[in-house]
Amino acid sequence: MDRAAERPQDGLVVVRHGADLAIEDPHGRVWHCLARQNIGHPVCGDRVVWQRTGPDRGVVTAIQDRASVLARPDYSGRAKPLAANLTQVVAVLAPQPEPSTYLLDQYLAATEHLGVKALIACNKMDLLDAAGQAVLTERLALYVRIGYPLVFLSLREGQGLRALVSRLSGETSILVGQSGVGKSSLVKALLPDLAIQIGRLSQATGLGRHTTSAATCYRLHGGGFLIDSPGVRSFRLTLDEPVELVNGFREIAPLIGQCRFANCRHDREPGCALKAAIATGELHPERLANFLHLAAALERAGKRY
Ligand SMILES: Nc1nc2c(ncn2[C@@H]2O[C@H](COP(=O)(O)OP(=O)(O)O)[C@@H](O)[C@H]2O)c(=O)[nH]1
Ligand SMILES: [Mg+2]
Ligand SMILES: [Zn+2]
């Protein structure tokens, strides 16, 4: 092999299975790589430096700094990276199953903690008549007021997909949400060539059927990437520390510490900054209720905010 081919080059980890990596080069070609022992563990979405070692084969020599890491605790409770360089979490909801703002607020708080953008996508709008759509739109308007973009979709009627595709462009996104809201349907709509992309990966790497269960970084036609796997879609974004919770509610964070009493429960105490914000309409009562609910859960775990 000529020496030029062995020069270090940039690559993207498309999928990892055990020690096996599928690396996409800047030309879109996929290489089966292993990582050098001392560099840590590359995960899906990692930008790496690699070099060829043979036809279709290579070795990863460095992992570039990660802008964000999606991690889940392993059996011993240690955070185990699942995907890197995510830039956006898409929280999918629908009229059916009944939307839960408690769940949505947890997704949003965890997304703030990850330090990436959040987008709310409300699917299955075809299930509602005009009046029902107006009610749901009004219910979700509070999220728009605090700065979260919101798109309405009907995959069944092919509506709203363009707006979503443009929001995904230039980002590396994951879809999360309750079972039944249409995440699988959305992946199919966004990746009409899903089977082809998987086939291309398994052919290039010999990773075979594993590629469907492991977190995989798919290229979207409108630009950007979608990191997906059944595990990613059902990912439980959790908050472990009170400070994560406070910073997870963007309109509440600046108010914490502003109450008259340092130990304010934000309930009936005089001079409560949160209650004052509710009175002026800056804070929605449902958001405060969800925040206090999550704070109580942390407190039960022995963590006072
Ligand atoms: N009415 C309606 N049903 C939809 C729409 N999108 C998906 N569904 C249906 O909702 C159900 C759950 O969808 P699925 O993609 O499996 O949801 P997931 O559990 O979030 O992956 C399926 O029966 C879909 O056909 C939509 O826009 N409108
Ligand atoms: Mg599904
Ligand atoms: Zn207070």
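Student: How should I be thinking about the overall build of the protein chain in this particular structure?
Tutor: Along the protein chain, the regular secondary structure elements total 10 helices and 13 strands. If you line up the protein chain on its principal axes, its C-alpha atoms span 75 × 45 × 30 Å. Going through the 305 residues of the protein chain one by one, you find that 35% of them count as buried. By sequence separation, contacts in the protein chain at least 24 residues apart represent 62% of the contacts at least 6 residues apart.

Student: Looking at this structure, how should I read the packing of helix 1 (residues 101-114) against helix 10 (residues 285-300)?
Tutor: When two helices pack together, their arrangement is given by the angle between the helix axes and by the axis-to-axis distance. At their nearest, the axes of helix 1 and helix 10 sit 10 Å apart, and the two run at 70 degrees to each other. It follows from the interaxial angle that helix 1 and helix 10 lie roughly perpendicular. Note on element contacts: helix 10 touches helix 1 through Glu286, Arg287, Asn290, His293 and Leu294, opposite Thr101, Tyr102, Asp105 and Gln106. Grouping the constituent residues of the contact of helix 1 with helix 10 by class yields two nonpolar, four polar and three charged.

Student: How do you make sense of unusual backbone geometry when you look at a structure like this?
Tutor: Cis rather than trans, the peptide bond between Gln96 and Pro97 has omega equal to -10 degrees. Phi angles above zero are rare outside glycine, and Asn85 is one such case at about 65 degrees. Checked against the element boundaries, Asn85 lands in the loop between strand 7 (79-84) and strand 8 (88-93). What makes Asn85 buried here is the crowd of 23 C-beta atoms within 10 Å.

Student: I would appreciate a short explanation of the environment of Ile198 in the present structure.
Tutor: Note on placement: Ile198 falls in helix 5 (residues 194-205). We classify Ile198 as partly exposed; it has 19 C-beta atoms within 10 Å. Separated by 169 residues in the primary sequence, Ile198 and Arg29 have C-alpha atoms spaced 13 Å apart.

Student: Sorry if this is basic, but what is going on with the domain arrangement of the protein chain here?
Tutor: By a frequent convention, interface size equals the accessible area lost on bringing the separate parts together. As far as domains go, the protein chain holds domain 1 (3-63), domain 2 (84-233) and domain 3 (242-300). On a C-alpha basis, the centroid separation for the pair domain 1 and domain 3 is 46 Å.

Student: Is there a simple way to think about the site of ligand 1 in this case?
Tutor: Lining the immediate surroundings of ligand 1 are 14 residues, of which Arg156, Gly182, Lys183, Ser184 and Ser185 lie closest. Looking at the shell around ligand 1 residue by residue, the classes come out as three nonpolar, seven polar and four charged.

Student: Whenever I open this one, the environment of Ser169 confuses me. Can you help?
Tutor: With respect to the helices, strands and loops of the structure, Ser169 is situated in the loop between helix 3 (161-168) and strand 11 (172-176). Sequence-wise, Ser169 and Gly223 are 54 residues apart; in three dimensions their C-alpha atoms are separated by 4.5 Å. The residues contacting Ser169, other than those within four sequence positions of it, are Gly222, Gly223 and Gly224.

Student: What is the right way to look at the pairing of strand 5 (residues 57-63) in this model?
Tutor: In summary, the side chains of a regular strand alternate between the two faces of the sheet. Sheet topology note: the strand 3 (residues 30-35)/strand 5 ladder contains four bridges and is parallel. Note on strand 5: the bridge partner recorded for His32 is Arg57. Pairing geometry for strand 4 (residues 47-54) and strand 5, over six bridges, is antiparallel. Along strand 5, the bridge assignment pairs Gln51 with Val59. Between strand 4 and strand 5, which pair antiparallel in sequence order, lie two residues; one of them, Asp56, sits at a positive phi of approximately 65 degrees.

The rules behind these values
Residues numbered from 1 in each chain as written. Chains lettered and ligands numbered in written order. Predicted model: local features only at pLDDT ≥ 70, side-chain atom pairs only at ≥ 80, totals over all residues. Helix = DSSP H or I, 4+ residues; strand = E, 2+ residues; numbered from the N terminus. Buried ≥ 20, exposed ≤ 12 C-beta atoms within 10 Å, placed from the backbone. Contact = placed C-beta atoms within 7 Å. Axes fitted to C-alpha atoms, helices over the stretch in contact; angles between N-to-C directions. Parallel < 35°, antiparallel > 145°, perpendicular 65-115°, else oblique. Nonpolar A, V, L, I, M, F, W, Y, C, P; charged D, E, K, R; others polar. Domains from an automatic or database assignment. Near = placed C-beta within 6 Å. Pairing = 2+ DSSP bridges.

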